[in-house]
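# Structural overview
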2 protein chains.
Amino acid sequence: MNFDIAIERLKSEGFKRTPSREAILRLLEREDRYLSAGDVRKALADEHPKMSQDTVYRNLSSFSEMKILEETELGGERKFRMHCNRHGHHHHFICMECGRTEELDVCPMEQVSRELPSFVIDDHKFEVYGQCPDCRTAG
Amino acid sequence: MNFDIAIERLKSEGFKRTPSREAILRLLEREDRYLSAGDVRKALADEHPKMSQDTVYRNLSSFSEMKILEETELGGERKFRMHCNRHGHHHHFICMECGRTEELDVCPMEQVSRELPSFVIDDHKFEVYGQCPDCRTAG
DNA sequence: TGAGTAAATCGTAGTCATTCCGAATTGGAA
DNA sequence: TTCCAATTCGGAATGACTACGATTTACTCA
Ligand SMILES: [Mn+2]
Ligand SMILES: [Mn+2]
Ligand SMILES: [Zn+2]
Ligand SMILES: [Zn+2]
């Protein structure tokens, strides 16, 4: 997903286009990795020093709900990234050093459904953590 | 894992056997599901009204480090359960209503390793969330 | 069995991410 | 341009978790 598609989605859901929202979306498009609310505030400190934390948290949550962003919980923090272009369901490798993510092709849920026929399955989380090639070389 | 094995592990790691630790371990053995530090405090409020939160948090963390407990992060909270008897690596289904867990046989990591040969893989998380048969019937 | 001691606990204050709220501002419809 | 619901702001409140000095206690060893 890119900035323009995100803005379209925003409008189609009845949300207003504001400078705060533009700045947050442009940042996430540029960074292309998981950022916390704190990361977003720091990154926008120069450009938008008056943006309140309420605004950051509220918009990140809204964007996540309307599927503009992907969200995860990592190290006791909620983190957000622009939704991948990839078509359909997928999971991520996440580099614990630089935050770079890599999309994964595998999802084990078909097998789990067969394994638990009497359970209602609502959601699942699959994430792989480690060091990306760049950070390995640099280290 | 049960209480007695846990106490053995405790001793073998050089930790002391205290009433607080006994109470926490007995509770987790009995409950057999993920509990937060707050859950533990509430459950022990009658029996041990003076147990401080420091004691609960510190011991849950210690038990997790020495592999007596399994740990996850769910809804912004750390949660702990007595380590399963099952031999070796596994993952869980977790009922979002009652907290009941079900061990899963599938782990997709062999495939991921093949998919990411140039990445260092340190850890992974796979969890399935939903409603267990009992809660589905009751609902 | 009775000190001695390091470990453990207690009580409380501090931290940090996140949420809440009332007042002020503003995007966009009419 | 006017108007108002949506949005933002600033700051206080919440809740999980951590830190820490003072006190207690489980275990060691004489
Ligand atoms: Mn993605
Ligand atoms: Mn288990
Ligand atoms: Zn999946
Ligand atoms: Zn696994």
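Residues numbered from 1 in each chain as written. Chains lettered and ligands numbered in written order. Predicted model: local features only at pLDDT ≥ 70, side-chain atom pairs only at ≥ 80, totals over all residues. Heavy atoms only, no water.

Under an unreviewed UniProt entry, the name given to chain A is Fur family transcriptional regulator, and the organism recorded is Bhargavaea cecembensis. On record in UniProt, under Subcellular location (unreviewed entry), the comment for chain A is "Cytoplasm". Under the heading Sequence similarities (unreviewed entry), UniProt records this for chain A: "Belongs to the Fur family." (UniProt positions renumbered as here; feature names shortened; annotations may be inferred.)

## Things to note about the pairing of strand E4 (residues 91–95) of chain A
It is a general feature of regular strands that their side chains alternate between the two faces of the sheet. Residue and element names in this part refer to chain A. Burial analysis of E4 places five of its five residues in the buried class, the great majority of the element. Alternating residues of E4 divide into His91, Phe93 and Cys95 and His92 and Ile94, and every residue in both groups is buried. One ladder, built from four bridges, connects E4 with strand E5 (residues 101–104); its direction is antiparallel. What sits directly across from isoleucine 94, in E5, is threonine 101. Where E4 and strand E6 (residues 120–131) come together, four bridges link them in parallel fashion. Paired with phenylalanine 93 across the bridge in E6 is valine 128. (Buried < 20%, exposed > 50% of the residue type's maximum accessible area, 1.4 Å probe, protein only. Helix = DSSP H or I, 4+ residues; strand = E, 2+ residues; numbered from the N terminus. Pairing = 2+ DSSP bridges.)

## Let's talk about the protein's contact with DNA strand C
Residues in contact with DNA strand C amount to 21 residues; listed here are only the nearest, A:Asp54, A:Arg78, B:Thr18, B:Thr55 and B:Arg58. Near the protein, within 4 Å, the atoms of DNA strand C are sugar or phosphate in 63% of cases. Between DNA strand C and A:Arg78, the relevant distance is 2.7 Å, taken from a phosphate oxygen to a main-chain nitrogen or oxygen of the residue. Within the side chain of B:Thr18, a nitrogen or oxygen atom sits 2.7 Å from a phosphate oxygen of DNA strand C. Elements with a contribution of two residues or more to the surface near DNA strand C: helix H4 (53–65) and strand E3 (77–82) of chain A together with helix H2 (19–31) and helix H4 (53–65) of chain B. Looking at the surface near DNA strand C element by element, the count peaks at five residues for H4(B). The residue inventory of the surface near DNA strand C, partitioned by class, reads three nonpolar, seven polar and eleven charged. (Near = heavy atom within 4 Å. Polar contact = N/O pair within 3.5 Å; in protein donor to acceptor, adjacent residues only side chain to side chain. Nonpolar A, V, L, I, M, F, W, Y, C, P; charged D, E, K, R; others polar.)

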